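# Summary of the model geometry
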Amino acid sequence: MITSVLVANRGEIACRIFRTCRELGIRTVAVHSDADENALHARVSDTAVRLPGAAPAETYLRGDLIVKAAVASGADAVHPGYGFLSENADFARAVLDAGLVWIGPPPEAIEAMASKTRAKQLMGIPSLDRDRVTASDLPVLVKAAAGGGGRGMRIVRALADLDGALEGARAEAAGAFGDGEVFVEPYVEGGRHVEVQVLADTHGTVWALGTRDCSLQRRHQKVIEEAPAPGLSDELRDELHTLAVRAARAVDYVGAGTVEFLVSAAETAHFLEMNTRLQVEHPVTEAVFGLDLVAEQIRVAEGHALGTDPPRARGHAIEARLYAEDPAADWAPQTGTLHRLAVPGDVRLDTGYGDGDAIGVHYDPMLAKVIAHAPTRAEAVRRLSGALERATIHGPVTNRDLLVRSLRHKEFTGAGMDTGFYDRHLAELTEPAPDPHAPLAAALADARTRASRFGGYRNLPSQPQVRRYTTAGEEHEVRYRHTRAGLEADGVRVVTATPGLVVLEVDGVQRKFEVTRYGDQVYVNATALTALPRFPDPTAQHAPGTLLAPMPGTVVKIADGLAAGAAVQAGEPLLWLEAMKMQHKITAPVTGTLTALHAVRGAQVDVGALLAVVEVSQEDQ
């Protein structure tokens, strides 16, 4: 009987596993890096053990340190979560060799499926010879043999891009998984990403727990997932279940795992890989089947047998991943303080952050998962999109608006999506649409704050007051007046104005605006604004060719031969930053001559740091 579990992970998944452990009466042990010392998963565990350092390679990828932490803390079992060492056979062996229970599949099963190239061989599926790819093979997908989460993957549509894609994928895979092996496979245009959840015990029983559709992806990483996968024929669904069970039996699998497929428009299933761990999207399967998969993993690890048949599926569930990122800026990850995160309604919220927590640069930018379950798909979509729309998210830029728009897009509501959804629709889904009355509401709330702070005196009360804000990259100037009757503004009637709530009547309709301020950041309902000073600092302007870091991160590569005096073209890659486990290409802002290069490979830079300066060509001025 397991009495104490160490979770060899962090963030949302660690918190989620701890929740089940508490319900089962099992003591919990967290491990944390220095960057995560005050993280939620470290706070909510019964015991926490420090892993010195901040980078994953120094901490969460150090299996030797984690095993020592488990022994020192008195844990008798280790749960790997997902990512990091969850699919590392050597780590599983080290846990077992230390006399601990491994809540996962046998090391041999992990090893058989850990490499996507070996998994394909096991399933009898050949990979392309990367040295013999021809134009007729295009497009192809360069893919890391280890790991997942979209890292170490590149789509190649031109032979000239293959070598660069191989190099970039190797570097990203080595940094994320400690394994730079990559392979090449055909890329199926317009395919759907469909997977099957399996659960197996030590007594020979293997359950296929339905399908999930994970087609909405950015950078090959899932954004919205649902169960069951809509629109599949009964024949295809049965085929996928059969293949998934066959894959599990082929490696004597034990525990929870997922077999992934790419399904073509003609309903042909292409095996992708088997993930020998719990998936990020497991909550949708839990909702539909009424299961706690973590509890089942623990029961299986204790030797208990599954029933002959799995529970009956009921209803439909959809999960949205809330990321601290800007989809309109090439999905750039965002950092800063998460002041407030609250999601209303009858939905499940899995998160690794609490109010006031810092979002750093070292780890994946996912803030939370929001899951809705309902009798039908349409009801689940409505419930999830409504909850996200009304959510309070005060902090860095997130993909919340993208999620709401995606869930309400006719292609998604009609279940006609595929993995190219964002390639086709990203521009329309990220079109700025700030509330036009949000700046005025912010100004009126600020006026009431100042009134309560300084009393009723107003300098030149008959003169209009002016406030300036930026939102969605645009500056807005608003005006209002103090009168004997209260605050007034053109075009609206001010019904109520307090520091936290403003009610405006617009064209006969009263609208409520909840206002919260943190320094110069103002949140009006779902619109985020930045208050500008009354007198701008003229020294804050930058020349057109100034290249600033769009995010904090590490300079991992500088373009070959790049130095002061080099001629560059607008959009040409100059350097690469690594932030939140992803590499981001930084391009020349203008065409001209590089006059200064401040970036140094290996250097850590903050957002807004000066990276380079390009002098604009005369013909472009």
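Above this text sits the structure in question.
How each quantity is defined
- Residues numbered from 1 in each chain as written.
- Predicted model: local features only at pLDDT ≥ 70, side-chain atom pairs only at ≥ 80, totals over all residues.
- Heavy atoms only, no water.
- Helix = DSSP H or I, 4+ residues; strand = E, 2+ residues; numbered from the N terminus.
- Rg over C-alpha atoms; globule rule 2.2 N^0.38 Å.
- Contact = heavy atoms within 4.5 Å.
- Areas by Shrake-Rupley, 256 points an atom, 1.4 Å probe, with all protein chains shown as cover.
- Lys, Arg positive; Asp, Glu negative; His and termini not counted.
- Charge placed at Lys NZ, Arg CZ, Asp CG, Glu CD.
- Pairing = 2+ DSSP bridges.
- Phe/Tyr/Trp six-rings, centres within 6.5 Å; stacked < 30°, edge-to-face > 60°.
- Lys NZ or Arg CZ within 6 Å of the ring centre and 35° of its normal.
- Polar contact = N/O pair within 3.5 Å; in protein donor to acceptor, adjacent residues only side chain to side chain.
- Disulfide = S-S within 2.5 Å.
- Buried < 20%, exposed > 50% of the residue type's maximum accessible area, 1.4 Å probe, protein only.
- Core = buried A, V, L, I, M, F, W, Y, C linked by side-chain atoms within 4.5 Å.
- Expected span 1.5 Å × (residues − 1).
- Axes fitted to C-alpha atoms, helices over the stretch in contact; angles between N-to-C directions.
- Salt bridge = Lys/Arg side-chain N within 4 Å of Asp/Glu carboxyl O.

### A look at the overall build of the chain
- Secondary structure summary: the chain contains 15 helices and 38 strands in total.
- For 621 residues, the compact-globule estimate of 2.2 N^0.38 gives 25 Å, and the C-alpha radius of gyration of the chain, at 26 Å, lies within 12% of that figure.
- Dimensions of the chain along its principal axes, counting C-alpha atoms only, are 85 × 60 × 55 Å.
- Once local pairs closer than 6 in sequence are excluded, the contacts in the chain between residues at least 24 apart make up 63%.
- Of the accessible surface of the chain, which amounts to about 26700 Å², a share of 50% is contributed by carbon and sulfur atoms.
- Here the chain carries 63 positive and 80 negative side-chain charges, and the mean point of each set is 6 Å from the other.

### Focus on the sheet that holds strand β34 (residues 573–579)
- Spatial strand order, β35-β34-β32-β37: 4 strands in an open sheet with antiparallel pairing. Edge positions in the open sheet fall to β35 (582–587) and β37 (604–605), since each of these has one partner strand only.
- Pairing of strand β32 (residues 553–558) with β34 involves 4 bridges; the strand directions are antiparallel. Across the sheet, residue V555 finds its bridge partner in β34, namely L577.

### Focus: the packing of aromatic side chains
- Under the definition given, this model contains 7 aromatic pairs.
- An aromatic cluster of at least three residues, connected via ring pairs, comprises Y60, F84 and Y363.
- Above the plane of the ring of F412 lies R377, whose end atom (NZ or CZ) is 4.6 Å from the centre.
- Here the guanidinium or amino end of K557 rests over the ring plane of W576, the centre of that ring lying 4.6 Å away.

### Considering the side chain of Q334
- The residue Q334 is located in the loop between β16 (332–333) and β17 (336–338) in this model.
- A distance of 2.9 Å separates a polar atom in the side chain of Q334 from the backbone oxygen of A332.

### A word on the pairing of strand β23 (residues 465–471)
- By the bridge criterion, 7 bridges tie β23 to strand β24 (residues 474–483) in an arrangement that is antiparallel. Paired with R467 across the strands is V478, a residue of β24.
- Joining the antiparallel neighbours β23 and β24 is a turn of 2 residues, in which A472 adopts a positive phi near 55°.

### Description of the state of the cysteines
- Scanning the entire structure with this criterion turns up 0 disulfides.
- Summary of cysteine pairing: C21 is not part of a disulfide, and the nearest cysteine sulfur, belonging to C15, is at 12 Å.

### Considering the pairing of strand β9 (residues 192–200)
- Most of β9 sits out of view: 9 of its 9 residues are buried.
- Summarising the sheet, β9 and strand β12 (residues 255–263) pair through 9 bridges and their orientation is antiparallel. Paired with V196 across the strands is V259, a residue of β12.
- Taken together, the 6 bridges between β9 and strand β10 (residues 206–218) define a ladder with antiparallel strand orientation. If you follow A200 over to β10, its bridge partner there is V206.
- Where β9 hands over to β10, the hairpin turn is made up of 5 residues, of which G204 adopts a positive phi near 95°.

### Quick look at the nonpolar core
- I224, I318, L384, L388, L407, F412 and Y422 are the most contacted members of the largest nonpolar core, which totals 36 residues.
- Elements supplying a minimum of two residues to this core: β11 (221–227), β14 (316–323), β21 (366–374), α11 (377–390), α12 (400–408) and α14 (421–429).
- Among the nonpolar cores identified, the runner-up in size contains 34 residues, and I17, F18, L278 and Y323 belong to it.

### Structural notes on the side chain of E185
- Of note, E185 is situated in strand β8 (residues 182–186).
- Excluding residues within four positions of it along the chain, E185 makes contact with K120, L128, V140, L141, K143 and L272.

### Re helix α1 (residues 11–24)
- The terminal C-alpha atoms of α1 lie 20 Å apart, and with 14 residues this matches the ideal 20 Å at 1.5 Å per residue to within 8%.
- Of all 14 residues making up α1, 10 are buried, and the element is well covered by its neighbours.
- Listing the buried residues of α1 in full gives G11, E12, I13, A14, C15, R16, I17, F18, T20 and C21.
- After α1 finishes, the residue G25 shows a positive phi value of roughly 80°.

### Structural notes on the environment of G152
- Its location among the elements puts G152 in the loop between β6 (140–144) and β7 (153–156).
- Given a relative accessible area of 0%, G152 falls into the buried group.
- Considered as a pair, G152 and G553 are 401 residues apart in the sequence and their alpha carbons are 18 Å apart.
- With residues up to four places along the chain from it excluded, the contact list for G152 reads V142, K143, A144, A169, E172 and A173.

### Some remarks on the sheet that holds strand β25 (residues 486–488)
- Taken in spatial order, the 8 strands of this open sheet run β25-β24-β23-β30-β29-β28-β27-β26, and their pairing is antiparallel. A single partner strand is all that each edge strand has here, and the edge strands are β25 and β26 (493–497). Adjacent strand axes in the sheet meet at a mean angle of 35°, parallel and antiparallel pairs treated alike.
- Sheet analysis places strand β27 (residues 501–506) next to strand β28 (residues 509–518), joined by 6 bridges and oriented antiparallel. Paired with V503 across the two strands is K512, which belongs to β28.

### Looking at unusual backbone geometry
- At the junction of L138 and P139, the peptide bond is cis and its omega measures out at -5° in the coordinates.
- In this structure, P139 sits in the loop between α6 (116–122) and β6.
- Residues A227 and P228 are joined by a peptide bond in cis, for which omega reads -5°.
- Tracing the backbone shows P228 in the loop between β11 and α8 (234–250).
- Phi at E267 is positive, roughly 60°, even though this residue is not glycine.
- With relative accessibility at 30%, the residue E267 sits in the partly exposed group.

### Some remarks on the pattern of salt bridges
- Inspection of the entire model under this criterion finds 45 salt bridges.
- One salt bridge in this structure joins D34 and R50, with 2.6 Å as the shortest N-O distance. You can see D34 sitting in the loop between β2 (27–33) and α2 (40–44) and its partner R50 sitting in strand β3 (residues 47–51), a full 16 residues away along the chain.
- A salt bridge links R218 to E325, with the nearest nitrogen and oxygen atoms 2.8 Å apart. Placement of the pair is R218 in strand β10 and E325 in strand β15 (residues 325–326), with a sequence separation of 107 residues.
- Members of the salt-bridge network, linked through shared partners, are E195, R212, K222, E225, E260, E281 and R321.

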